[in-house]
Amino acid sequence: MRVSLIVDVEDVAGYREGLPALLKLFSEYQIQATFLFSLGYDNSGLHVKNFFNPSVLSRQLPLVQKCYGTLLPPASLSKKFKTLIKNCAADGHDVGIKSFDSATWQSHALTADREWTKRSLQWSVESFVDLLGRQPEIHSASGFVINAHLLQLEQELGFKLGLDTRGKTAYFPEYQSVGSQTMQLPVTLPSIEELLLSDGIDLDNVHEYLFVESQQQLPHGQVYQVRAAYEGRAWLDVLEKILVMWRSTQWEFNRVTEVIDGISADELLTHQVGWAQYRPHKRYMATQSLPVDSSDKKKISEA
């Protein structure tokens, strides 16, 4: 069995507290992961209504975090934390990009036009090149919110991999009759936050339920999303427990580049991308759906 950890670093709390803690934890367990950075602005305050909803577990974020973009100006991320980003790459982890501004992306991307989508993506690419001197090969849409323009642009800009959806196996995506030859490797496992909303699950046993969820054999292994602002802070001990369980049963930890290097494009199917509702917040996230029939693909290409 194998698992790939993808770490989302999207806000000040994630960078300042979560990222150093996760790097230290992974170093102790000799784990290589994939880090995805928002390189624009922290506008977390735009989601302030969620932070104060009693049913939302993300209330644990620092108060100042909830003020960026409202009572406080947006915080610039790549400038403030560039040394941490460079150190992460130097440690041998995969590094890629999240949406330039996570909160704004989640609020606007679904209905955004091509120009807005391209501008947002290019800002992330340019910031990454300025920091690390090379083009990013991995992109992940914040909140699993996509549009058809994004899928096209990932291919046009030469991305090797998209981590934009939930699902079970690697595939080529098609959304609203628009396809892309940039491979999607979906997140396969539920988050701690999702599991905690189930009856009988709490912080003392959630790692056991996550371990059970991970036992399903999948063609390209499990993919688990770690959010620096949450699993890297208040839930760090929970994350360590699940890492210990995976380690004790001889699981392999792979960077996503290691996974996709072992996948032949010829073996992948094209799947539609749909929307599934996940808790908390009853939010819809882009999710791998049905395979596309080859005859349907031919009709689309001829249209």
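In this text the structure is predicted, and so the values were computed from the model without any measurement.

**Here we look at a nonpolar patch on the surface**
Okay, step 1: Together, Leu110, Trp275 and Tyr284 give the surface a local cluster of nonpolar side chains, amounting to about 310 Å² of exposed area.
Okay, step 2: Residue position: Leu110 is located in the loop between helix 5 (102–108) and helix 6 (114–132).

**Here's the deal with the pairing of strand 5 (residues 94–98)**
Okay, step 1: The buried count for strand 5 comes to five of five residues, which makes it a mostly enclosed element.
Okay, step 2: Here four bridges tie strand 2 (residues 34–37) to strand 5, and the two strands are oriented parallel to one another. Paired with Phe35 across the two strands is Val95, which belongs to strand 5.

**With respect to the sheet that holds strand 14 (residues 283–291)**
Okay, step 1: In space, the four strands of this open sheet follow the order 9-8-13-14, with mixed pairing throughout. A single partner strand is all that each edge strand has here, and the edge strands are strand 9 (178–179) and strand 14.
Okay, step 2: When strand 8 (residues 172–175) meets strand 13 (residues 270–278), the two strands line up parallel, connected through three bridges. In the sheet register, Glu174 faces strand 13, and the bridge partner there is Gln272.

**Describing the pairing of strand 8**
Okay, step 1: Of the two faces of strand 8, the one holding Phe172 and Glu174 and the one holding Pro173 and Tyr175 are both buried throughout.
Okay, step 2: Pairing of strand 8 with strand 9, which is carried by two bridges, proceeds in the antiparallel orientation. Bridged to Glu174 within strand 9 is Gly179.
Okay, step 3: Hairpin geometry of strand 8 and strand 9 is characterised by an intervening segment of two residues between the two adjacent antiparallel strands and by a positive phi of about 55° at Gln176.

**Details of the side chain of His93**
Okay, step 1: Along the chain, the position of His93 falls in the loop between helix 4 (82–90) and strand 5.
Okay, step 2: Side-chain polar atoms of His93 contact the backbone nitrogen of Ala33, separated by 3.0 Å.

**Quick word on the packing of helix 1 (residues 12–28) against helix 4**
Okay, step 1: Following both chains from N to C, one finds helix 1 and helix 4 inclined at 20°, their axes separated by 11 Å at the closest point. As judged from the angle between their axes, helix 1 and helix 4 are roughly parallel. Both helix 1 and helix 4 take part in a crossing whose hand is left-handed. The segment helix 1 lies against helix 4, with Tyr15, Leu19, Pro20 and Leu23 engaging Leu84, Ile85 and Cys88.
Okay, step 2: Residue classes in the contact of helix 1 with helix 4 are distributed as seven nonpolar, no polar and no charged.

The rules behind each value
- Residues numbered from 1 in each chain as written.
- Predicted model: local features only at pLDDT ≥ 70, side-chain atom pairs only at ≥ 80, totals over all residues.
- Heavy atoms only, no water.
- Patch = residues over 30% accessible without salt bridge, like charges linked within 9 Å, V, L, I, M, F, W, Y side chains within 5 Å.
- Areas by Shrake-Rupley, 256 points an atom, 1.4 Å probe, with all protein chains shown as cover.
- Salt bridge = Lys/Arg side-chain N within 4 Å of Asp/Glu carboxyl O.
- Helix = DSSP H or I, 4+ residues; strand = E, 2+ residues; numbered from the N terminus.
- Buried < 20%, exposed > 50% of the residue type's maximum accessible area, 1.4 Å probe, protein only.
- Pairing = 2+ DSSP bridges.
- Polar contact = N/O pair within 3.5 Å; in protein donor to acceptor, adjacent residues only side chain to side chain.
- Axes fitted to C-alpha atoms, helices over the stretch in contact; angles between N-to-C directions.
- Parallel < 35°, antiparallel > 145°, perpendicular 65-115°, else oblique.
- Left-handed = near helix turned anticlockwise from the far one by under 90°.
- Contact = heavy atoms within 4.5 Å.
- Nonpolar A, V, L, I, M, F, W, Y, C, P; charged D, E, K, R; others polar.

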